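Examining the three-dimensional arrangement
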Amino acid sequence: MNDKKIESILKEVRRYFGFLYDIGYQIQRADYYPETFGNWNVVLASKGCILEICKDRSEILVYFIPLNGERRYKIGIKAMIYYLTQERKFIGSFEGNLFWKKK
């Protein structure tokens, strides 16, 4: 059951984040947690960066992880955008889920 669910998750990740595969990211790990209402994590790695894409409580989250793999230092994409725009672009809480409409 979990193998089929992980395949389904990877298919969705590829559909919406396929551009990352095109620039060299590869799947490092994929985990599914049925005991936490179907939450999951997919870790993608390239030579320059590690990304973690998660579904937590029906919200899709993206984190940057240092190349040494220290997950305790991961940075959310909202904070990264705020930093890279020199504090000009703040992304607050999002009501809903970007995957619900799947545009």
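Structure first, text after, so check above.
The present account deals with the structure reproduced in this document. (Residues numbered from 1 in each chain as written. Predicted model: local features only at pLDDT ≥ 70, side-chain atom pairs only at ≥ 80, totals over all residues. Heavy atoms only, no water.)

**Comments concerning helix α1 (residues 2-22)**
Applicable threshold: Throughout, the bend at a residue refers to the angle made by two axes, fitted to the seven residues ending there and to the seven starting there. Where helices and strands are cited, they refer to DSSP runs of H or I of at least four residues and of E of at least two residues respectively, numbered from the N terminus. Categorising residues by exposure relies on relative accessible area from a 1.4 Å probe, with only protein chains included: less than 20% of the type maximum marks a residue as buried, more than 50% marks it as exposed, and the intermediate range marks it as partly exposed.
Along its length, α1 reaches its greatest deviation from straightness, about 75°, at Y16. When α1 is considered as a whole, its buried residues turn out to be I9, E12, V13, Y16, F17, G18, L20 and Y21. Remark: G24 follows α1 within two positions and exhibits a positive phi of approximately 110°.

**Details of the pairing of strand β4 (residues 59-65)**
Counted only if it meets this: Two strands pair under a simple rule: DSSP has to find at least two bridges between them.
Strand direction decides the pairing type here: strand β3 (residues 50-56) and β4, joined by seven bridges, are antiparallel. Among the inter-strand pairings, L51 is bridged to a residue of β4, identified as F64. Relative to strand β5 (residues 75-76), β4 runs antiparallel, the two sharing two bridges. Counted as the bridge partner of Y63 is G76 from β5.

**Considering the nonpolar core**
What counts is decided by this rule: Only buried residues count toward a nonpolar core. Its members are Ala, Val, Leu, Ile, Met, Phe, Trp, Tyr and Cys residues joined through side-chain atoms within 4.5 Å. What makes two residues a contact is simply this: any of their non-hydrogen atoms within 4.5 Å.
Ranked by size, the top nonpolar core spans 16 residues in total, and within it V13, F17, W40, L44 and I53 carry the most contacts. Sorting the residues of this core by element identifies α1, β2 (39-45), β3 and β4 as the ones contributing at least two each. In this structure V13 touches G18, Y21, W40, V42 and I53, once residues within four positions along its chain are discounted.

**Things to note about the sheet that holds strand β1 (residues 26-33)**
Put simply, the rule is: In this analysis an axis means a line fitted to C-alpha atoms, helices contributing only their contacting stretch, and an angle means the value between N-to-C directions, from 0 to 180 degrees.
With antiparallel pairing, five strands are arranged side by side in an open sheet as β1-β2-β3-β4-β5. Edge positions in the sheet fall to β1 and β5, since each of these pairs with one other strand and no more. Those strands touched by α1 are β1, β2, β3 and β4, and its axis lies near 135° from that of β1.

By themselves, these figures tell us nothing about what the structure is for.
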